[in-house]
Amino acid sequence: MTAGFGSPSTTLEQRDEVESLISDLGFHPEELVFDEPWELRAFALAVAAHTSGRYAWPEFQQALASSIKAWEDSVEDLADPSWSYFEHWVNALQQVLEHAGQVDSGTLHSRTQVVLDAPANRNHHEPHYEPVAVDPALTNRTGARA
Amino acid sequence: MSIENRGKKEVAARVKALESMMIEKGLLTTDMVDRFVEIYENEVGPQLGAKVVAKAWMDPEFKARLLEDATAACRELEIGGMQGEDMVVLEVTDEVHHAVVCTLCSCYPWPVLGTPPNWYKEPQYRSRMVREPRKVLADEFSFPIPDTTEIRVWDSSSEIRYWVLPQRPGGTDGWTEDQLAELVTRDSMIGVGPTKAAS
């Protein structure tokens, strides 16, 4: 996107930094695929918290690996449909923040319930069937556009 | 809703809760998170919408179904999910151009387009796009619409999420669906930018 909107704040260095973090997790940056927005959000949260010094990356790596291991031990078949890489990512983020005393699980749990109970976009919950604005074509008028 | 879907909703909610707690404690700011989201936001989603558009260009019957019921047509291609329950696709013609905004928040058909770009969520876009769409498209997006074309702006809400079927670029006769999909940009499906030209 161009002028006016948006905040062009991502630098190449930032991208390099993120890619090296991803490589540390054992995969190639191009293999990083997000299926849903929350996954990208969770990804960005963990990276942002790390780069602002909230925890060391190896700590996060370890927490991620142990969440994945716990899942593997809990299912009969590794093709189980409950697999979600980013769910473990969120578990890991939660764990390192709890460990650092920055988040407590009770508050997190109740706040998660609040989010679940609130209707999505509760301010904007009805269909809008007509265009919200129409800018007519010049040829449809006798004179110039108003 | 399946168990997996409920589980996903819980995790998605936990992400929101975590973010809000981290921000309140001053561990992070939204801007810091957004910067990392930006790096990858183009890699989430829009390629799915592009696939749908390319198929509609190739297959008139599919196109008719898409315009009739976008959600069902996308499901044929196994594309769908939360926030894509009621999608409406608007076809661009020489006479009428369409563009999408969410006037209140950032309702967006993410199963086909991925996460909304930051500017889509910003108040300037949300209000100006309604007030002076022709000017916003020309000035802010460098995407002038001919004066002889009417512009309709549609308000996406959580109940109906609009997106745009752009016109097939010229010079693409005999192209495959995959080749065509390469020409479809995210912005062209929001109605704020062109498709790529055939080269």
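Everything numeric here is computed off the predicted structure, so don't read it as measured data.

A short note on the overall build of chain A
Now for step 1: Broken down by element type, chain A carries 5 helices and 1 strand.
Now for step 2: Of all 146 residues assigned to chain A, the portion counted as buried reaches 36%.
Now for step 3: Of the contacts made within chain A by residues no fewer than 6 positions apart, 58% connect residues no fewer than 24 positions apart.
Now for step 4: Total accessible area computed for chain A in this model is approximately 8200 Å², and 51% of it derives from carbon and sulfur atoms.

Let's talk about the interface of chain A and chain B
One frequent convention defines the size of an interface as the accessible area lost when the parts assemble.
Now for step 1: Contact residues are listed per partner, giving 69 residues for chain A and 71 residues for chain B.
Now for step 2: Summed over both partners, the interface of chain A with chain B buries about 6400 Å², with 66% contributed by carbon and sulfur atoms.
Now for step 3: Across the chain A-chain B interface, the total number found is 4 salt bridges.
Now for step 4: The shortest N-O distance in the salt bridge between R134 of chain B and D135 of chain A comes to 3.2 Å.

Some words on the packing of helix 3 (residues 57-74) of chain A against helix 4 (residues 85-99) of chain A
Residues and elements named next belong to chain A.
Now for step 1: Two elements in contact, helix 3 and helix 4, have axes whose closest approach is 8 Å; the angle formed by their N-to-C orientations is 130°. Taken together, the axes of helix 3 and helix 4 lie oblique to each other. Of the two possible hands of crossing, helix 3 and helix 4 adopt the one that is right-handed. Between helix 3, through W57, E59, F60, A63, L64, S66, S67, I68 and W71, and helix 4, the contact on the second element is made entirely by Y85, H88, W89, N91, A92, L93, Q95, V96 and H99.
Now for step 2: Within the contact of helix 3 with helix 4, the residues separate by chemical class into 11 nonpolar, 6 polar and 1 charged.

A look at the nonpolar core
Now for step 1: Ranked by internal contacts, the top residues of the largest apolar core, which has 50 residues, are L66, Y125, M129, W163 and I190 of chain B.
Now for step 2: W57 and L97 of chain A together with L28 and M32 of chain B belong to the second-largest nonpolar core, a separate cluster that totals 45 residues.

A closer look at the UniProt feature "binding site: Fe(3+)" (unreviewed entry) in chain B
Residues and elements named next belong to chain B.
Now for step 1: Under the feature "binding site: Fe(3+)" (unreviewed entry), the UniProt entry names C102, C105, S106 and C107.
Now for step 2: Looking at the element boundaries, C102 is found in the loop between strand 2 (96-101) and helix 6 (110-113).
Now for step 3: For C102, a relative accessible area of 0% corresponds to the buried category.

What about the sheet that holds strand 2 of chain B?
Now for step 1: Ordered by their spatial adjacency, 3 strands build an open sheet running 1(A)-3(B)-2(B), and the pairing between neighbours is mixed. In the strand order of this sheet, the two ends are held by strand 1 (133-135) of chain A together with strand 2 of chain B, each with one partner. Direction aside, neighbouring strands of the sheet carry axes that sit 20° apart on average.
Now for step 2: In terms of strand pairing, strand 1 of chain A meets strand 3 (residues 150-155) of chain B through 3 bridges, oriented antiparallel.

As for the confidence of the model for chain B
All names here are of chain B.
Now for step 1: Averaged over every residue, the pLDDT of chain B is 87; the share at 70 or more is 91%.
Now for step 2: Looking at the elements of chain B, mean pLDDT is at its lowest for helix 6, recorded as 77, and at its highest for helix 4 (residues 60-68), recorded as 96.
Now for step 3: As scored by the predictor, the complex reaches a pTM of 0.59 and an ipTM of 0.75.

Things to note about the packing of aromatic side chains
Now for step 1: Evaluation of the coordinates by the stated rule reveals 15 aromatic pairs over all chains.
Now for step 2: The interplanar angle of 90° and the centroid separation of 5.2 Å between the aromatic rings of Y85 of chain A and F86 of chain A together place this pair among those described as edge-to-face.
Now for step 3: By relative accessible area, F86 of chain A is classed as buried at 4%.
Now for step 4: Ring centres 5.0 Å apart and planes at 75° place the aromatic pair W119 of chain B and Y125 of chain B in the edge-to-face group.
Now for step 5: Among the aromatic residues, those joined into a ring-pair cluster are F43, Y55, W57, F60, Y85, F86 and W89 of chain A.
Now for step 6: The cationic tip of K55 of chain B hangs over the ring face of F62 of chain B; the distance from NZ or CZ to the ring centre is 5.3 Å.

Structural notes on the side chain of T149 of chain B
Now for step 1: With respect to the helices and strands, T149 of chain B occurs in the loop between helix 9 (133-139) and strand 3.
Now for step 2: Contact partners of T149 of chain B, with chain neighbours within four places excluded, come to D135 and A137 of chain A together with T93, D94, E95, V96, H97 and R134 of chain B.

With respect to the pairing of strand 4 (residues 161-165) of chain B
All names here are of chain B.
Now for step 1: Most of strand 4 sits inside the fold, with 5 of its 5 residues counted as buried.
Now for step 2: Here strand 1 (residues 87-91) pairs with strand 4 via 5 bridges, running parallel. Bridge pairing in strand 4 places V89 opposite W163.

What counts as what
- Residues numbered from 1 in each chain as written.
- Chains lettered and ligands numbered in written order.
- Predicted model: local features only at pLDDT ≥ 70, side-chain atom pairs only at ≥ 80, totals over all residues.
- Heavy atoms only, no water.
- Helix = DSSP H or I, 4+ residues; strand = E, 2+ residues; numbered from the N terminus.
- Buried < 20%, exposed > 50% of the residue type's maximum accessible area, 1.4 Å probe, protein only.
- Contact = heavy atoms within 4.5 Å.
- Areas by Shrake-Rupley, 256 points an atom, 1.4 Å probe, with all protein chains shown as cover.
- Buried area = accessible area lost by both parts, 1.4 Å probe.
- Salt bridge = Lys/Arg side-chain N within 4 Å of Asp/Glu carboxyl O.
- Axes fitted to C-alpha atoms, helices over the stretch in contact; angles between N-to-C directions.
- Parallel < 35°, antiparallel > 145°, perpendicular 65-115°, else oblique.
- Left-handed = near helix turned anticlockwise from the far one by under 90°.
- Nonpolar A, V, L, I, M, F, W, Y, C, P; charged D, E, K, R; others polar.
- Core = buried A, V, L, I, M, F, W, Y, C linked by side-chain atoms within 4.5 Å.
- UniProt positions renumbered as here; feature names shortened; annotations may be inferred.
- Pairing = 2+ DSSP bridges.
- pLDDT = per-residue confidence, 0-100.
- Phe/Tyr/Trp six-rings, centres within 6.5 Å; stacked < 30°, edge-to-face > 60°.
- Lys NZ or Arg CZ within 6 Å of the ring centre and 35° of its normal.

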